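The chain contents come next:
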Amino acid sequence: QELQAELVREQRRQGALSSTVAGLRDELARAELSLAGVEATAVGLHAQLSHAHSSKEASSVLAHELRTELDSLRLETRRSTPIANELRGQLAAARARESELSGMLGQLQASIDGERQLLAEA
């Protein structure tokens, strides 16, 4: 009975951790997509800026706006990169904990099965 209750508690903990891992995976995926979008936009703006410098028709106002936007995107990239790295670390830790709890759950289930077998033999 006590082992069964412990198994239920471990299963709930496992479920909560799995939910946390899923949430972290979603958050990491969103952060990586956002970072990829920012990087792609920065590359595009850099190309536009280069073209603006080489084109005689390009106005200095447009070049200034592009520089400002590129600087802003570079700042956002620098800000987003540590967040994505932190999320990757949290996800790795959550996966390790999930694996650990899965092992504990297996041991607990084996113990319960052993107890049931002893009771059945008695």
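Use the structure listed above.
Residues numbered from 1 in each chain as written. Predicted model: local features only at pLDDT ≥ 70, side-chain atom pairs only at ≥ 80, totals over all residues. Heavy atoms only, no water.

Draft legend 1. Seen up close, the overall build of the protein chain. Each helix and strand in the protein chain was counted, giving two helices and zero strands. The C-alpha atoms of the protein chain give 27 Å as radius of gyration, which overshoots the globular expectation for 122 residues (14 Å, by more than 25%). Counting the 122 residues in the protein chain, one finds 25% classified as buried. Taking contacts inside the protein chain between residues at least 6 apart in sequence as the whole, the part at least 24 apart equals 82%. Between the averaged position of the 14 positive side-chain charges in the protein chain and that of its 18 negative side-chain charges there is a distance of 5 Å. (Helix = DSSP H or I, 4+ residues; strand = E, 2+ residues; numbered from the N terminus. Rg over C-alpha atoms; globule rule 2.2 N^0.38 Å. Buried < 20%, exposed > 50% of the residue type's maximum accessible area, 1.4 Å probe, protein only. Contact = heavy atoms within 4.5 Å. Lys, Arg positive; Asp, Glu negative; His and termini not counted. Charge placed at Lys NZ, Arg CZ, Asp CG, Glu CD.)

Draft legend 2. Molecular detail of the pattern of salt bridges. A full pass over the atoms with the stated rule returns seven salt bridges. Its salt-bridge partner being glutamate 32, residue arginine 88 comes within 3.0 Å of it at the nearest N-O pair. You can see arginine 88 sitting in helix H2 (residues 60-121) and its partner glutamate 32 sitting in helix H1 (residues 2-54), a full 56 residues away along the chain. Accessibility expressed as a relative area gives 32% for glutamate 32, which makes it partly exposed. Aspartate 113 is paired through a salt bridge with arginine 116; the nearest N and O atoms lie 4.0 Å apart. In this pair, aspartate 113 and arginine 116 are both assigned in helix H2, three residues apart and thus about one turn of the helix distant. A relative accessible area of 38% places aspartate 113 in the partly exposed class. With relative accessibility at 47%, the residue arginine 116 sits in the partly exposed group. (Salt bridge = Lys/Arg side-chain N within 4 Å of Asp/Glu carboxyl O.)

Draft legend 3. Region of the structure containing the packing of H1 against H2. With their axes 6 Å apart at the nearest point, H1 and H2 run at an angle of 160° to one another. One way to sum up the angle between H1 and H2 is to call them roughly antiparallel. Classified by chirality, the crossing of H2 by H1 is left-handed. Classifying every residue of the contact of H1 with H2 by side-chain character gives 26 nonpolar, 15 polar and 17 charged. (Axes fitted to C-alpha atoms, helices over the stretch in contact; angles between N-to-C directions. Parallel < 35°, antiparallel > 145°, perpendicular 65-115°, else oblique. Left-handed = near helix turned anticlockwise from the far one by under 90°. Nonpolar A, V, L, I, M, F, W, Y, C, P; charged D, E, K, R; others polar.)

Draft legend 4. Structural detail: the side chain of threonine 77. Relative to the helices and strands, threonine 77 resides in helix H2. According to the relative accessible area criterion, threonine 77 is buried, its value standing at 17%. When neighbours within four sequence positions are excluded, threonine 77 is seen to be in contact with Leu35, Val38 and Glu39.

Draft legend 5. Spatial organisation of the environment of threonine 20. The topology assignment puts threonine 20 in helix H1. Remark: the alpha-carbon pair of threonine 20 and alanine 94, spanning 74 residues in sequence, is separated by 7.6 Å.

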